[in-house]
Amino acid sequence: AVIWPSVPLTVDKKFTGTAFGVITSVQNIGLALFPLLIASIYKASGNSYIPNVEFFLMSCAGLGVFIGLLLNRLDRRNGGKLNGITSDDESRADTGFANVEDEYFSP
């Protein structure tokens, strides 16, 4: 869920749709394979979740924290685009919707 808003900030406008498609594909592959992996760990552990399945899930969480910290570090080195704060006018100007409210909703 965290990756979706960062796509328009990091990918060229002409590749945004492709980037969303790649992210969706990778997510669906993970959703398909993860339960199979958990089931194989469960079966290899003698039909017991604890400790092997729990260790696997904790290692996935640790890996996620590590990758998040790494992304923050890389973002800081490259200008802080992902953690930057923009005003509402700046963000609409970047997307080309700066005057939509004036054009359609003015009295």
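Quantities reported herein were computed from a predicted structural model and do not represent experimental measurements. (Residues numbered from 1 in each chain as written. Predicted model: local features only at pLDDT ≥ 70, side-chain atom pairs only at ≥ 80, totals over all residues. Heavy atoms only, no water.)

Observations regarding the packing of aromatic side chains
Per the counting criterion, the structure on display carries 3 aromatic pairs. A centroid spacing of 5.7 Å and a plane angle of 10° characterise the contact between Trp4 and Phe20, whose relative ring orientation is stacked. Of the two residues, Trp4 sits in the segment before helix 1 (7-10) while Phe20 sits in helix 2 (residues 16-44), which places them 16 residues apart along the sequence. Note on Phe20: relative accessible area 28%, which makes it partly exposed. (Phe/Tyr/Trp six-rings, centres within 6.5 Å; stacked < 30°, edge-to-face > 60°. Helix = DSSP H or I, 4+ residues; strand = E, 2+ residues; numbered from the N terminus. Buried < 20%, exposed > 50% of the residue type's maximum accessible area, 1.4 Å probe, protein only.)

Concerning the environment of Phe56
Position of Phe56 among the secondary structure elements: in helix 3 (residues 52-77). When its relative accessible area of 18% is taken as the criterion, Phe56 is described as buried. Here the alpha-carbon distance between Phe56 and Ile41, two residues 15 residues apart in the chain, equals 8.6 Å. With residues near it in sequence (within four places) discarded, Phe56 still touches Phe34, Leu37, Ile38 and Ile41. (Contact = heavy atoms within 4.5 Å.)

Topic: the layout of surface pockets
Put simply, the second largest pocket is a space of about 330 Å³. If you go around the second largest pocket, you meet 14 residues; those closest to its centre are Val2, Ile3, Ser6, Leu71 and Leu82. Of all the secondary structure elements, the ones that give two or more residues to the lining of the second largest pocket are helix 1 and helix 3. With 4 residues, helix 3 is the largest single contributor of residues to the lining of the second largest pocket. In the lining of the second largest pocket, the residues fall into 8 nonpolar, 5 polar and 1 charged. (1 Å grid on protein atoms, 1.4 Å probe; cavity = no way out; pocket = protein on both sides within 12 Å on 5 of 7 lines; lining within 4 Å. Points joined across faces, edges and corners; volume = space filled by probe spheres on them. Nonpolar A, V, L, I, M, F, W, Y, C, P; charged D, E, K, R; others polar.)

A short note on the environment of Val7
Position of Val7 among the secondary structure elements: in helix 1. Linking Val7 and Gly17, residues 10 residues apart in sequence, is a C-alpha distance of 9.3 Å. If we skip the residues at most four places from it in the chain, Val7 touches Thr16, Ala19, Phe20 and Ile23.

Focus: the packing of helix 2 against helix 3
The interhelical angle for the contact between helix 2 and helix 3, taken along N-to-C directions, is 145°, at an axis separation of 8 Å. Between helix 2 and helix 3, the residues in contact are Phe34, Leu37, Ile38, Ile41 and Tyr42 and Asn52, Val53, Phe56, Leu57 and Cys60, respectively. Each residue belonging to the contact of helix 2 with helix 3 can be placed in one class, and the counts come to 9 nonpolar, 1 polar and no charged. (Axes fitted to C-alpha atoms, helices over the stretch in contact; angles between N-to-C directions.)

What about the side chain of Asp75?
Relative to the helices and strands, Asp75 is located in helix 3. Summary of buried charges: Asp75 has no salt-bridge partner, and the nearest side chain of opposite charge, Arg76, is 7.2 Å away. With sequence-adjacent residues up to four places away left out, Asp75 is seen in contact with Gly80, Lys81, Leu82 and Asn83. (Lys, Arg positive; Asp, Glu negative; His and termini not counted. Salt bridge = Lys/Arg side-chain N within 4 Å of Asp/Glu carboxyl O.)

Focus on helix 2
Across its 29 residues, helix 2 extends 42 Å between first and last C-alpha, which sits within 8% of the 42 Å expected from 1.5 Å per residue. Its axis deflected by about 25° at Leu33, helix 2 carries its strongest bend there, up to four residues before the proline Pro35. For helix 2, the secondary structure elements touched by its buried residues are helix 1 and helix 3. Gly46, located one to two residues past helix 2, shows a positive phi value of around 75°. (Expected span 1.5 Å × (residues − 1). Bend = angle between axes of the 7 residues up to and from the residue.)

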